[in-house]
Amino acid sequence: MVDARAEIPAAHHDAAALVVWGSSRRHLASAAADLPQRLRLVQSLAAGVEGILAAGFSDEVVVATGAGLHSRTVSEHALALLLALVRRLPEAREAQERHVWSDELGGLRPLHPEGRLTTPLGARVLVWGFGGIGQTLAPMSQGLGAEVRGAARSAGTRAGVEVIAEADVAAALPDTDVLVNILPATERTAGIVGREALAASPDHAILVNVGRGATVDQVAAREALEAGTLGAAGLDVTEPEPLPEGDPLWDAPRLLITPHGAGGRPVGADERIAANLRALVEGGEVSHPAAR
């Protein structure tokens, strides 16, 4: 094990495989420059490998992603954000800090009040970015009584869930109570959840982002929360990260921010590493290779 923030020591320059987790640009640049002799595999424990691909490894080196290793934890976090918002836990915490037994938050209430989402029961959930995480999240949400659809670049049925094409998302938003964003950050997705998407959503809709901060227009989201045209939002990712202390997004109403904590704990990493090392030695196929 070496320091993932520093250059790779000379004693390890003969490595045939490199496991990457939380590595700095300096570390990756050192790996690309100093391990060219025997290096055959770079195994990332993160799903995104843009930084690894940009480091300049030769085409002979297979870069394997950590896709799927975070599906359960990110799904858990997305549900935690949603449940906290529909059950108004941040407001309950504020009342607790004031030692106030809030009649507004408790007592007898209608299940589906006008203008506010208070339960996942019957909630129409659209998961935008329906890969491994979305396909893990869908049955968990259905177990709570939600009606779930996915959205991806092409339509179809995946993991037993109806998936609409991204071109049809705008038409689907007026009938969406919860938009869960699990999109990657690309030129195509930059700010894609912006004013138009938010305006098309019902005023009671909840936005949950466990994808990438750059995919949401944060100014538009804050303005929608302030205007009451967005019911609530749970953001685990922002642009930039960390979110600056003085950013007005912090003070938006009905907003719950967590510091990119949805993933960060790969599930099954040891098994993935072992399987790909076996494939490397035996001439088999490495699982989850990145497109080069």
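Before reading further, recall that the structure is shown in the block above.
Residues numbered from 1 in each chain as written. Predicted model: local features only at pLDDT ≥ 70, side-chain atom pairs only at ≥ 80, totals over all residues. Heavy atoms only, no water.

### Describing the pattern of salt bridges
Then, number 1: What the rule picks out here adds up to twelve salt bridges.
Then, number 2: With a shortest N-O distance of 2.9 Å, Glu 91 and Arg 88 are connected by a salt bridge.
Then, number 3: Of the charged contacts in the structure, one is a salt bridge between Arg 116 and Glu 91, with a shortest N-O distance of 3.5 Å. Highlighted residues: Arg 116 in the loop between α4 (89–97) and β4 (124–128) and Glu 91 in helix α4, separated in sequence by 25 residues.
Then, number 4: By relative accessible area, Arg 116 is classed as partly exposed at 27%.
Then, number 5: Residue Glu 91 is classed as partly exposed on the basis of its relative accessible area of 26%. (Salt bridge = Lys/Arg side-chain N within 4 Å of Asp/Glu carboxyl O. Helix = DSSP H or I, 4+ residues; strand = E, 2+ residues; numbered from the N terminus. Buried < 20%, exposed > 50% of the residue type's maximum accessible area, 1.4 Å probe, protein only.)

### So, the nonpolar core
Then, number 1: Grouped together as the largest cluster of nonpolar side chains are 27 residues, with contacts concentrated most on Val 125, Val 127, Val 180, Ile 206, Val 208 and Val 210.
Then, number 2: When residues of this core are traced back to their parent elements, those giving at least two are α3 (71–86), β4, α5 (132–143), β5 (147–152), β7 (161–165), β8 (178–181) and β9 (206–209).
Then, number 3: Among the elements that line this core, the one with the most residues is α3, at seven residues.
Then, number 4: Residues within four places of Ile 206 in sequence aside, it is in contact with Leu 82, Leu 85, Val 86, Leu 117, Asp 177, Val 178, Leu 179 and Ala 232.
Then, number 5: Listed in part, the 25 residues of the second largest apolar core include Trp 128, Ile 164, Ala 221 and Leu 235. (Core = buried A, V, L, I, M, F, W, Y, C linked by side-chain atoms within 4.5 Å. Contact = heavy atoms within 4.5 Å.)

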